[in-house]
Amino acid sequence: MGDREAVKCRHDREAVNWKRDREAINMATTPQFVPAEVFNDCDFPQREAAFFYGLFLRGHSAEELRRDIEVPQAVLLKWHREAEREPQLRDIFGRMVEYRRHVLAIFDNLIGSDNHNLRVH
């Protein structure tokens, strides 16, 4: 193989490597289409309740965890004022409050079933 052929061969390999690397970079950096409903955290209150239940099992106070789950009154008032200024936020805030209430209900149910199981054994 002559010098000219060796240079061409090396150039071809570099071009192939560059193309492969560029495709890998594009795949890694290009946002993939995922429907918004798949990653909407408000669709999975059980997951969040399980998280808090795990903290409870690790020794955290149930009352402290309930306070963490609930939306504080000061935040509710702030959201109310914001919704008066921007009415389109009212629905979002309402869904967030309902979600937190749902998480709290699931958490309370888990705590209650845990206390019941402790008495049975």
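The rules we used
- Residues numbered from 1 in each chain as written.
- Predicted model: local features only at pLDDT ≥ 70, side-chain atom pairs only at ≥ 80, totals over all residues.
- Heavy atoms only, no water.
- Phe/Tyr/Trp six-rings, centres within 6.5 Å; stacked < 30°, edge-to-face > 60°.
- Buried < 20%, exposed > 50% of the residue type's maximum accessible area, 1.4 Å probe, protein only.
- Lys NZ or Arg CZ within 6 Å of the ring centre and 35° of its normal.
- Helix = DSSP H or I, 4+ residues; strand = E, 2+ residues; numbered from the N terminus.
- Axes fitted to C-alpha atoms, helices over the stretch in contact; angles between N-to-C directions.
- Parallel < 35°, antiparallel > 145°, perpendicular 65-115°, else oblique.
- Left-handed = near helix turned anticlockwise from the far one by under 90°.
- Contact = heavy atoms within 4.5 Å.
- Nonpolar A, V, L, I, M, F, W, Y, C, P; charged D, E, K, R; others polar.
- Arc of directions from axis to C-beta.
- Polar contact = N/O pair within 3.5 Å; in protein donor to acceptor, adjacent residues only side chain to side chain.

1. Structural notes on the packing of aromatic side chains
Right, so step 1: Across all of its chains, the model carries four aromatic pairs by this definition.
Right, so step 2: Aromatic pair Phe51 and Phe52: ring centres 5.4 Å apart, planes at 75°, arrangement edge-to-face.
Right, so step 3: We classify Phe52 as buried; its relative accessible area is 8%.
Right, so step 4: Three or more aromatic residues link up through ring pairs in this structure, and these residues are Tyr53, Phe56 and Phe107.
Right, so step 5: Lying across the ring of Phe44, Arg47 places its NZ or CZ 4.4 Å from the centre.

2. Quick notes on the environment of Met96
Right, so step 1: Positionally, Met96 belongs in helix α5 (residues 89–120).
Right, so step 2: Owing to a relative accessible area of 27%, Met96 belongs among the partly exposed residues under this scheme.

3. A word on the packing of helix α2 (residues 45–57) against helix α3 (residues 62–69)
Right, so step 1: It is at 10 Å that the axes of α2 and α3 come closest, and there the two elements cross at 155°. It follows that α2 is roughly antiparallel to α3 by the angle criterion. Every pair of crossing elements has a handedness; the one defined by α2 and α3 is right-handed. Taken together, the residues of α3 that come into contact with α2 (itself represented by Phe52, Leu55 and Phe56) are Ala62, Leu65, Asp68 and Ile69.
Right, so step 2: Tallied by class, residues from the contact of α2 with α3 come to six nonpolar, no polar and one charged.

4. Section: α3
Right, so step 1: Along α3, the positions that sit buried rather than exposed are Ala62, Leu65, Arg66 and Ile69. Take α3 and look down its axis: the buried residues cluster within an arc of 105°, on one side only.
Right, so step 2: Taking the backbone nitrogen of Glu63 as reference, a side-chain oxygen 3.2 Å away marks Ser61 as the first, capping residue of α3.

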